[in-house]
Amino acid sequence: HFVRTASNRMMKSILPPTILQSLSTSNIISSLSELPSGCRYLIGTHDGTFHCDESLAIGLLKMLPNYMSSDAVIVRTRNPEILQKCDIVVDVGAKYDPSTHRYDH
């Protein structure tokens, strides 16, 4: 609990309010069976502990027109079959390929 609380405080202190707002109003799922109706875009990232790099990447994506609406859903998984169905993937997948929108480091 302490780590999560400290992490939340750190996130609030380093991320701009617009990014925090976009993350707090996002649909976040871990399985495609949880996919809400009307979803047009899937943003994939890893499950488990949230880190600043994918939080920042997703926050910045949520500021772009294609991803800012509730039509964009964040999928948190390491399952390659699920990640393959995502429109863009950040910080997971062991692949960096801008032409296919895969951005792992």
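Quick caveat, the model's predicted, so the values are computed rather than measured.

A. Fine view of the pattern of salt bridges. Inspection of every chain in the model, using the stated rule, returns two salt bridges. Between Arg40 and Asp71 there is a salt bridge, and its shortest N-O distance comes to 3.8 Å. A residue pair is termed long-range when its members are at least 10 positions apart, and Arg40 in the loop between strand 1 (27-29) and strand 2 (41-45) and Asp71 in the loop between helix 3 (52-61) and strand 3 (72-76) qualify at 31 residues. Relative accessible area serves as the criterion here: at 54%, Arg40 is assigned to the exposed category. Residue classification places Asp71 among the partly exposed positions, given a relative accessible area of 23%.

B. Spatial organisation of the side chain of Asp91. Residue placement: Asp91 occurs in the loop between strand 4 (88-90) and strand 5 (96-97). Buried Asp91, no salt bridge; nearest opposite-charge side chain is Arg78, N-O distance 7.2 Å. Side-chain polar atoms of Asp91 contact the side chain of His46, separated by 3.1 Å. Within the local environment of Asp91, its side chain forms a polar contact with the side chain of His105, the two groups lying 2.8 Å apart. If near-sequence neighbours (up to four positions away) are discounted, Asp91 is found in contact with Thr45, His46, His51, Asp53, Glu54, Tyr103, Asp104 and His105.

C. Seen up close, the sheet that holds strand 4. Spatially, six strands are ordered 1-3-2-4-6-5 in an open sheet, and the strand pairing comes out mixed. The open sheet is flanked by strand 1 and strand 5, the only strands paired with a single partner. For strand 2 and strand 3, the ladder comprises five bridges, and the chain directions are parallel. Within strand 3, the position partnered with Thr45 by the bridge is Arg76. Against the sheet, helix 3 makes contact with strand 2, strand 3 and strand 4, and its axis sits at roughly 150° relative to strand 4, the strand it touches most.

D. Summary view of a nonpolar patch on the surface. Together, Leu56, Leu60 and Met63 make up a nonpolar patch on the protein surface, roughly 250 Å² of accessible area in all. Positionally, Met63 belongs in the loop between helix 3 and strand 3. Take Met63: its relative accessible area is 39%, and that puts it in the partly exposed class.

E. Structural detail: the environment of Phe50. By the secondary structure assignment, Phe50 is in the loop between strand 2 and helix 3. Taking the C-alpha atoms as reference, Phe50 lies 9.7 Å from Arg76; in sequence the two are 26 residues apart. When neighbours within four sequence positions are excluded, Phe50 is seen to be in contact with Ser55 and Arg76.

F. Geometry of the packing of aromatic side chains. Evaluation of the coordinates by the stated rule reveals two aromatic pairs. Here the aromatic rings of Tyr96 and Tyr103 are separated by 5.8 Å at their centres, their planes lie at 70°, and the arrangement is edge-to-face. The class of Tyr103 is partly exposed, set by a relative accessible area of 28%.

Definitions and limits used
- Residues numbered from 1 in each chain as written.
- Predicted model: local features only at pLDDT ≥ 70, side-chain atom pairs only at ≥ 80, totals over all residues.
- Heavy atoms only, no water.
- Salt bridge = Lys/Arg side-chain N within 4 Å of Asp/Glu carboxyl O.
- Helix = DSSP H or I, 4+ residues; strand = E, 2+ residues; numbered from the N terminus.
- Buried < 20%, exposed > 50% of the residue type's maximum accessible area, 1.4 Å probe, protein only.
- Lys, Arg positive; Asp, Glu negative; His and termini not counted.
- Polar contact = N/O pair within 3.5 Å; in protein donor to acceptor, adjacent residues only side chain to side chain.
- Contact = heavy atoms within 4.5 Å.
- Pairing = 2+ DSSP bridges.
- Axes fitted to C-alpha atoms, helices over the stretch in contact; angles between N-to-C directions.
- Patch = residues over 30% accessible without salt bridge, like charges linked within 9 Å, V, L, I, M, F, W, Y side chains within 5 Å.
- Areas by Shrake-Rupley, 256 points an atom, 1.4 Å probe, with all protein chains shown as cover.
- Phe/Tyr/Trp six-rings, centres within 6.5 Å; stacked < 30°, edge-to-face > 60°.

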